[in-house]
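Residue strings, one per chain:
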Amino acid sequence: MKNTDLIDRLLKNRNLTDEELTGVLLCDDLKFNEYLFEQARKVREEIYGRDVFIRGLIEFTNYCRNNCYYCGIRRENSNVLRYRLSEEEIIACSDMGYELGFRTFVLQGGEDPYFTDERIVSIVKKIKEHHPDTAVTLSIGERERESYQKFYDAGADRYLLRHETADKSHYEMLHPSDMSYEHRMKCLKDLQEIGFQTGCGMMTGSPGQTIDNLICDLRFIQRFKPEMVGMGPFIPHHDTKYADHEPGNVGMTLRLLSVVRLMLPEVLLPATTALGTVDPHGREKGLMAGANVVMPNLSPVSVRKKYQLYDNKICTGDEAAECIRCMSERIERTGYRIKTDRGDHVRYREGCENDGK
Ligand code: SAH
């Protein structure tokens, strides 16, 4: 068994050497893992108590101009039945979500040119007009700084853009040459400078990923200091060239969640749908390893199965009300509880906007 002193030092210094981090990430000893998860939970509870924040995810388009090799809705997958929700449908989802208690809506989609800056601005403004006490998160990929500024000015609060991998050559293996590592990183920097609560993140076990790549991701996260970090296992999709690749490892994903929690105690950390897909109790395990956010699906059931980034995605058949009921039961069994408010990062809570930035 690995020495738990290592974890105590990570807790105290929020840092370890590359070699030590490698040791932590690769150690699947049960006792060691339990100790790591326990420390991550303690840190999370000191800051966010036992609250779990819920975000209503609206997957509003699966059209995409990009061709990320791992992703089921990439441009060249002609087997996808493409859909996009109308503005009215998106607003209706958020109205329904509001009734169910959601105070954050995450608009996620492929990079769909139909949704021009003007259309996104109009949607953001309408949601905020209908429900001024909600936060709007966008997760619509790479745009230019001017576009991001327009979204922010329209009232969008947060932006999720996973960096996918902080290693340029690994990035170039996962993406075609019309996408660039530099541009994705520039987008993240722009988003943060504009004032969004910004989220980066990566898949665990993505094709070609090495342990050194993950250390590089952790170093990037430490430098960038995001408000949110989205991490879930890679899961193969049958219509991609990685159809036969093995999925990411649950234990590794959980250890990464804990390590990120210990490095950035205040970070908002979702227990992702992908984690719940590779393990029936993956999301609960994520919460027990330091995660404090879950993102139930609010998209109309009629389109759920069409937003398939990977195979066997869970929760594609249930109405939103059913999802939230199932989710609250699962959360309560962990000893945590759903918190119905915007669930901002502590630095962005009312009265201390941008403090510390
Ligand atoms: N177009 C947006 C949203 C992408 S989908 C953007 O570019 O940011 C959200 C995330 O799903 C991606 O960032 C990626 O990390 C993850 N994802 C895509 N394909 C996946 C797969 N096969 N397995 C697990 N996660 C995947």
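Preceding block: the structure.
One structure accompanies this document, and this report is about it. Starting afresh in each chain, residues are numbered from 1 along the sequence in its written order. pLDDT decides what is reported in this predicted model: residues at 70 or higher carry local features, side-chain atom pairs at 80 or more are listed and counted, and totals for whole chains, interfaces and linings draw on all residues regardless. As a convention, hydrogens and water are excluded, and side-chain values are obtained from all of the structure's heavy atoms.

## Considerations on the sheet that holds strand β8 (residues 293–294)
Item 1. Taken in spatial order, the three strands of this open sheet run β8-β1-β9, and their pairing is parallel. Of all the strands in the sheet, just β8 and β9 (337–339) have a single pairing partner and so form its edges.
Item 2. Here, any two strands with at least 2 DSSP bridges between them count as paired. A run of H or I in DSSP becomes a helix once it reaches four residues, and a run of E becomes a strand once it reaches two; helices and strands are each numbered from the N terminus. Bridging between strand β1 (residues 51–54) and β9 involves three bridges; their strand directions are parallel. When the sheet's bridge partners are listed, Val-52 is paired in β9 with Ile-338.
Item 3. Contacts between residues were defined by any pair of non-hydrogen atoms, one from each residue, lying within 4.5 Å. Fitted lines through C-alpha atoms serve as axes, helices being fitted only where they are in contact, and the angles separating the N-to-C directions of these axes extend from 0 to 180 degrees. Where helix α14 (residues 320–333) meets the sheet, it contacts β1, β8 and β9, and its direction lies at approximately 125° from that of β9.

## A look at the sheet that holds strand β6 (residues 197–204)
Item 1. One open sheet accounts for six strands, arranged β2-β3-β4-β5-β6-β7; its pairing is parallel. Because the sheet does not close on itself, it has two edges, and the strands there are β2 (56–61) and β7 (228–233). Along the sheet, successive strands turn relative to each other by an average axial angle of 20°, direction set aside.
Item 2. Taken strand by strand, helix α8 (residues 181–194) contacts β5 (158–160) and β6, and its axis lies near 150° from that of β6.

## Observations regarding empty space enclosed by the protein
Item 1. Points on a 1 Å grid over protein atoms alone make up a cavity when a 1.4 Å probe fits among them but cannot get out, and a pocket when they form an open set with protein on both sides within 12 Å along at least five of seven lines; lining residues each have an atom within 4 Å of a point. Grid points are joined across faces, edges and corners, and a volume is the space filled by probe spheres set on the points. Inspection of every chain in the model, using the stated rule, returns four cavities of 30 Å³ or more.
Item 2. Together, Leu-57, Glu-59, Thr-273, Arg-283, Met-295, Pro-296, Asn-297, Lys-313, Ile-314, Cys-315 and Cys-323 line the second largest cavity.
Item 3. Class assignment of the residues belonging to the lining of the second largest cavity gives a composition of six nonpolar, two polar and three charged. In the scheme used here, Gly and all other residues not listed as nonpolar or charged are polar, with Ala, Val, Leu, Ile, Met, Phe, Trp, Tyr, Cys and Pro taken as nonpolar and Asp, Glu, Lys and Arg as charged.

## Notes on the pairing of β2
Item 1. The rule is simple: take the accessible area with a 1.4 Å probe, protein chains only, and divide by the maximum for that residue type; under 20% is buried, over 50% is exposed, in between is partly exposed. Counted residue by residue, β2 has six buried out of six residues, so it is predominantly covered.
Item 2. Taken together, the five bridges between β2 and strand β3 (residues 104–109) define a ladder with parallel strand orientation. Among the inter-strand pairings, Ile-58 is bridged to a residue of β3, identified as Leu-107.
Item 3. Running through helix α4 (residues 87–99), the crossover from β2 to the neighbouring parallel element β3 is right-handed. Here is how to tell: hold the view so the strands point away, follow the path from the first strand over the helix to the second, and if it runs clockwise the crossover is right-handed.

## Remarks on the nonpolar core
A general feature of soluble globular proteins is that nonpolar side chains tend to end up buried together.
Item 1. Residues enter a nonpolar core if they are buried and are Ala, Val, Leu, Ile, Met, Phe, Trp, Tyr or Cys, with the set joined through side-chain atoms within 4.5 Å. Ranked by internal contacts, the top residues of the largest apolar core, which has 94 residues, are Phe-60, Leu-107, Leu-138, Tyr-148, Phe-151 and Tyr-159.
Item 2. At nine residues, the largest contribution of residues to this core is made by helix α10 (residues 250–263).
Item 3. Not counting chain neighbours up to four residues away, the residues in contact with Phe-60 comprise Tyr-83, Arg-84, Leu-85, Ile-90, Leu-107, Gln-108, Gly-109, Phe-115, Ile-120 and Ile-140.
Item 4. One finds Phe-53, Met-228, Leu-268 and Met-295 within the second-largest nonpolar core, a separate group that totals 10 residues.

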